[in-house]
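# Chains, contacts and geometry: an overview
Residues per chain are reported as follows:
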Amino acid sequence: QLQLVESGGGLVQPGGSMRLSCAASGFILDAYAIGWFRQAPGKEREGIACISSSGGNTNYADSVKGRFTISRDKAKNTVFLQMNTLKPEDTAEYYCAAERLAQCPIAEYDYWGQGTQVTVSS
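Since the model is a prediction, treat every value here as computed from it, not as a measurement. (Residues numbered from 1 in each chain as written. Predicted model: local features only at pLDDT ≥ 70, side-chain atom pairs only at ≥ 80, totals over all residues. Heavy atoms only, no water.)

## A look at the overall build of the protein chain
- Counting its regular elements, the protein chain contains zero helices and eleven strands.
- Seen in sequence order, the protein chain has helices and strands lined up from the N terminus as β-β-β-β-β-β-β-β-β-β-β.
- Relative to the globule expectation of 14 Å for 122 residues, the C-alpha radius of gyration of the protein chain, 13 Å, shows essentially globular dimensions.
- Overall size of the protein chain, expressed as C-alpha extent along the three principal axes, is 40 × 30 × 25 Å.
- Put simply, the protein chain has 122 residues, and 45% of those count as buried.
- Taking the intrachain contacts of the protein chain between residues at least 6 apart in sequence as the baseline, contacts between residues at least 24 apart amount to 58%.
- For the protein chain, the distance from the average site of its 11 positive side-chain charges to the average site of its 12 negative ones is 6 Å. (Helix = DSSP H or I, 4+ residues; strand = E, 2+ residues; numbered from the N terminus. Rg over C-alpha atoms; globule rule 2.2 N^0.38 Å. Buried < 20%, exposed > 50% of the residue type's maximum accessible area, 1.4 Å probe, protein only. Contact = heavy atoms within 4.5 Å. Lys, Arg positive; Asp, Glu negative; His and termini not counted. Charge placed at Lys NZ, Arg CZ, Asp CG, Glu CD.)

Structural data, given as structure tokens:
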């Protein structure tokens, strides 16, 4: 079974930081491109970050560029999303997704996690 599990969400104040984790079971995550998505109430799902399966290249949506960083920890079979300078408009359900042997940007993803809630509020 191929599974992705997000964790690390919760409540954070505006201007604060939070790190989300996307952990894989059943496959080696390093062989997959990983994307982070978010969806807020009343809005479409938004792709915000991507890291390629080879070469390590990344890309980001304009809404998070300069504030969010995606990275891999191969030993932990985990991809992280470091979120800094958080804003209330970052409040959303955050999801990770995986596509085998792919480079960013990714049009389609085969595997999705269950999501983790991030709330940015004072």
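Still to come is the rest of the account.
## Concerning the packing of aromatic side chains
- The final tally for this structure, using the stated rule, is six aromatic pairs.
- Relative to Y111, the ring of F27 lies with its centre 5.8 Å away and its plane at 25°, an arrangement referred to as stacked. Here F27, found in the loop between β3 (18-25) and β4 (32-39), pairs with Y111, found in strand β10 (residues 111-112); they are 84 residues apart in sequence, far enough to count as distant.
- These aromatic residues form a ring-pair network of at least three members: F27, Y32 and Y111.
- The ring of Y95 carries R45 above its face, with NZ or CZ at 5.3 Å from the centroid. (Phe/Tyr/Trp six-rings, centres within 6.5 Å; stacked < 30°, edge-to-face > 60°. Lys NZ or Arg CZ within 6 Å of the ring centre and 35° of its normal.)

## Quick word on the side chain of D90
- Its location among the elements puts D90 in the loop between β8 (78-83) and β9 (92-100).
- With residues up to four places along the chain from it excluded, the contact list for D90 reads R38, R67, F68, T85, V118 and V120.

## Here's the deal with the sheet that holds β8
- Taken in spatial order, the four strands make up an open sheet running β1-β3-β8-β7, and their pairing is antiparallel. Looking along the sheet, the strands with just one partner apiece sit at the ends: β1 (3-7) and β7 (68-73). On average, each strand axis in the sheet is tilted by 20° relative to the strand beside it, whichever way the strands run.
- Two elements, β7 and β8, share six bridges in a ladder whose sense is antiparallel. Considered in β8, the bridge of D73 is made with T78. (Pairing = 2+ DSSP bridges. Axes fitted to C-alpha atoms, helices over the stretch in contact; angles between N-to-C directions.)

## Digging into empty space enclosed by the protein
- In the structure shown here, the tally under the stated rule is one cavity of 30 Å³ or more.
- Put simply, the largest cavity is a space of about 40 Å³.
- Across the lining of the largest cavity, the residue classes tally to one nonpolar, two polar and four charged. (1 Å grid on protein atoms, 1.4 Å probe; cavity = no way out; pocket = protein on both sides within 12 Å on 5 of 7 lines; lining within 4 Å. Points joined across faces, edges and corners; volume = space filled by probe spheres on them. Nonpolar A, V, L, I, M, F, W, Y, C, P; charged D, E, K, R; others polar.)

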